[in-house]
Each structure stands twice: as C-alpha cells, then as structure tokens.
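Chain by chain, the residues run as shown.
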Amino acid sequence: MYKDKDLIIRPIEKKDLPRLWELIYKEEHPEWKKWDAPYFPHKTKSYNAFLSEQEHWINSENYWTIEVEGNVQGTVSYYWEHQPSQWLEIGIVLHEADSWGKGVGTRALKLWINHLFNQLPLVRVGLTTWSGNQRMIRVAEKLGMQMEARIRKVRYYNGEYYDSIRMGLLREEWENQHGYS
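Residues numbered from 1 in each chain as written. Predicted model: local features only at pLDDT ≥ 70, side-chain atom pairs only at ≥ 80, totals over all residues. Heavy atoms only, no water.

Novice: Explanation requested: the overall build of the protein chain in the structure shown.
Specialist: Counting its secondary structure elements, the protein chain contains five helices and eight strands. Secondary structure elements of the protein chain occur, N-terminal to C-terminal, as β-β-α-α-β-β-β-α-β-α-β-β-α. Over its C-alpha atoms the protein chain spans a radius of gyration of 16 Å, differing by no more than 12% from the 16 Å that the globule rule assigns to 181 residues. Reported as C-alpha extents along the three principal axes, the dimensions of the protein chain are approximately 45 × 40 × 35 Å. Looking at the protein chain as a whole, 47% of its 181 residues qualify as buried. The long-range share in the protein chain, meaning contacts at least 24 apart out of those at least 6 apart in sequence, stands at 62%. Taken as a whole, the protein chain presents about 10000 Å² of accessible surface, with 49% of it coming from carbon and sulfur. A distance of 3 Å separates the average location of the 24 positive side-chain charges in the protein chain from that of its 25 negative side-chain charges. (Helix = DSSP H or I, 4+ residues; strand = E, 2+ residues; numbered from the N terminus. Rg over C-alpha atoms; globule rule 2.2 N^0.38 Å. Buried < 20%, exposed > 50% of the residue type's maximum accessible area, 1.4 Å probe, protein only. Contact = heavy atoms within 4.5 Å. Areas by Shrake-Rupley, 256 points an atom, 1.4 Å probe, with all protein chains shown as cover. Lys, Arg positive; Asp, Glu negative; His and termini not counted. Charge placed at Lys NZ, Arg CZ, Asp CG, Glu CD.)

Put into structure tokens, the structure is as follows:
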C-alpha cells in the first residue's frame, strides 16, 4: 500500500469487487471509456461473470485500486510489452468524471511508478495513450515522462484518426527528479 494524504493505492481485495464491477462493467457506454482507448470495444459483464474471474483481480501484482477518502475511484495497472527486457507499460483509469481534473491521477500514478521502480528491476516505465487524451499526456509530462514516439493516424474514433502516443521515463530520471540515489 502507498499513501499520499487521502489517496491510497493498494492491491485489490474481495470487498472491492462490487464497486469495481459497478465502475467498469455495469454500464454499456461509461463516460470513462471515451478517454480510455475508446477505439477498442467495451463490453458489459454480469456481476456473476465478473465474480467468476475474481482470481485475476484479488491481490494481483499488476492491477491495484485507487482509493480516495475510503472510496474506490479507479485502478492503476501494468502489463509487459516484453518481459525478458523488462519493458513495462503502465495505465490508469479513474472511472468517475467528478474525480477528473483534481490531481488524483497524477498522485496515483506517482505512487504507482514509485512502487514499480522499488519492486521491479526496471530501467524504464512506459505509458501509451492516444492524441485525443490530452489530460493523460499532461499527467505523464508532469511526472517527467518524455514523448518517445508518435505513431500518426493509427487510432480511429468517431470518424476521425488520432495518433498513438508513447511516453517513457527512465529510472535515473525518476531518481533524479525525486531525490533518490
């Protein structure tokens, strides 16, 4: 568990499952999906179907919950782009619009990056988004990430092409930025 004032990121527990299902799978067209890779389809899932997959969520190393003032508001995650070379990509979703624009995402990702650099022998942490999600790009920049690639016009959404954006942060940049050695 990592904490920043009223914000905590921590492994997902069984008690979180009803809330996570409600945030992620209950609605067919949730607002958050307009920003989180909207060019990939989102499918609702019954609560029982979600519960049948609970072993993928509870105490997962690569999916944690974001809790603010005791209320689960989203998740942070990572996946291996290429594990043998320790190429890891991170993600975040704040599922309710009223939590956007308040610094929650920046604070949660800062804790998550810190956790990953502390727990894994990483040289770099990456983040992939799309040019339509300017808030995500600003969060990544605030955390010291640099634009490493812009793959032009490869994401199609609502009749328009967008760029795929790859950003990254090296361990030494993180340590210099945060005073670690």
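The rest of the description comes next.
Novice: Please clarify how the side chain of Arg166 should be interpreted in this entry.
Specialist: Here Arg166 is to be found in strand 8 (residues 160–170). Arg166 sits in the buried class, given a relative accessible area of 19%. Apart from residues lying up to four places away in sequence, Arg166 is in contact with Glu81, Trp87, Glu89, Leu127, Thr128, Gln146, Met147, Glu148, Ala149 and Ile151.

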